[in-house]
Every structure is written in C-alpha cells, then in structure tokens.
Amino acid sequence: MIVVANIEGLILFTLLKGSEKEALDRIKNLEGVKKVFVVCGEYDGAVVFDVKNLNELKKIVKTMRSIKVVTKTVTYIAVYTITA
C-alpha cells in the first residue's frame, strides 16, 4: 500500500453569479485551505491547499462540491516544487 503525505496543490473552481461572497467565505475556512484567489478567465477562483493525506483533500473537494453555487472543480496535485 502506498501512503501519500503532505499533499499540496490547487483547486480551480467556477461559481454561479450572485452568491460568490458566501461561497468564498465557506471555502476559505475549510481545513487545509491556505489561500483562495479570485481570478479572471475560464475559472472564477483558485484554492491553494496543503493537507496531510488524500482523505483531507477529499473532504475539501467534497465540501466545495456541496456548495450549491460551485458549478465545477478541477484539482491539481503538485508533483514537486521549484523555488526561485
């Protein structure tokens, strides 16, 4: 069995118009969420996460998807980090 620990990455998401503040307030308070960016383009926001294991990541994604105004999520797990 492979155990993955200390997982970092991004979750891109889209929102329905009108309830952005409520959704962003809920998302920013989720355990493991380090930052939430409001962005312009194909997606409305990006979450930076840092969790101990895949179960914690699943909780973030499941909770985000349960928010009625969140219409789409795409999760990217970092393979390695390059620092400047």
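Everything here concerns the structure above.
Residues numbered from 1 in each chain as written. Predicted model: local features only at pLDDT ≥ 70, side-chain atom pairs only at ≥ 80, totals over all residues. Heavy atoms only, no water.

Draft legend 1. Representation of the overall build of the protein chain within the structure. The secondary structure content of the protein chain amounts to two helices and four strands. For the protein chain, the α and β elements follow one another from N to C terminus as β-α-β-β-α-β. Taken over C-alpha atoms, the radius of gyration comes to 13 Å for the protein chain, in line with the 12 Å a tight globule of 84 residues would show. By its C-alpha atoms, the protein chain is 45 × 30 × 20 Å across when sized along the principal axes. With 84 residues in all, the protein chain has 33% of them scored as buried. Sequence-distant contacts, at least 24 apart, represent 67% of the contacts inside the protein chain between residues at least 6 apart. As presented, the protein chain carries roughly 6,200 Å² of accessible surface, and 56% of it is formed by carbon and sulfur atoms. One finds the centroid of the 13 positive side-chain charges in the protein chain at a distance of 4 Å from the centroid of its 9 negative side-chain charges. (Helix = DSSP H or I, 4+ residues; strand = E, 2+ residues; numbered from the N terminus. Rg over C-alpha atoms; globule rule 2.2 N^0.38 Å. Buried < 20%, exposed > 50% of the residue type's maximum accessible area, 1.4 Å probe, protein only. Contact = heavy atoms within 4.5 Å. Areas by Shrake-Rupley, 256 points an atom, 1.4 Å probe, with all protein chains shown as cover. Lys, Arg positive; Asp, Glu negative; His and termini not counted. Charge placed at Lys NZ, Arg CZ, Asp CG, Glu CD.)

Draft legend 2. Local environment of helix H1 (residues 20–28). If you check which residues of H1 are buried, you get Ala23, Leu24 and Ile27. Buried residues in H1, looked at end-on, bunch into an arc of 95°, giving them a common side. Exposed positions of H1 whose direction lies more than 90 degrees from the buried face are Lys21 and Glu22. The inward-facing, buried residues of H1 contact strand E1 (7–15), strand E2 (33–38), strand E3 (45–51), helix H2 (54–66) and strand E4 (70–77). (Arc of directions from axis to C-beta.)

Draft legend 3. Here's a closer look at H2. Given a rise of 1.5 Å per residue, 13 residues ought to cover 18 Å, and the 18 Å separating the end C-alpha atoms of H2 matches this to within 8%. Turning to H2, its buried residues number three or more, namely Leu57, Ile60, Val61 and Met64. Angular distribution of buried residues about the axis of H2 spans 90°; they occupy a single face of the element. Away from the buried face of H2 by more than 90 degrees, exposed residues Asn55, Lys58, Lys59 and Lys62 are located. On its buried face, H2 sits against E1, H1, E2, E3 and E4. (Expected span 1.5 Å × (residues − 1).)

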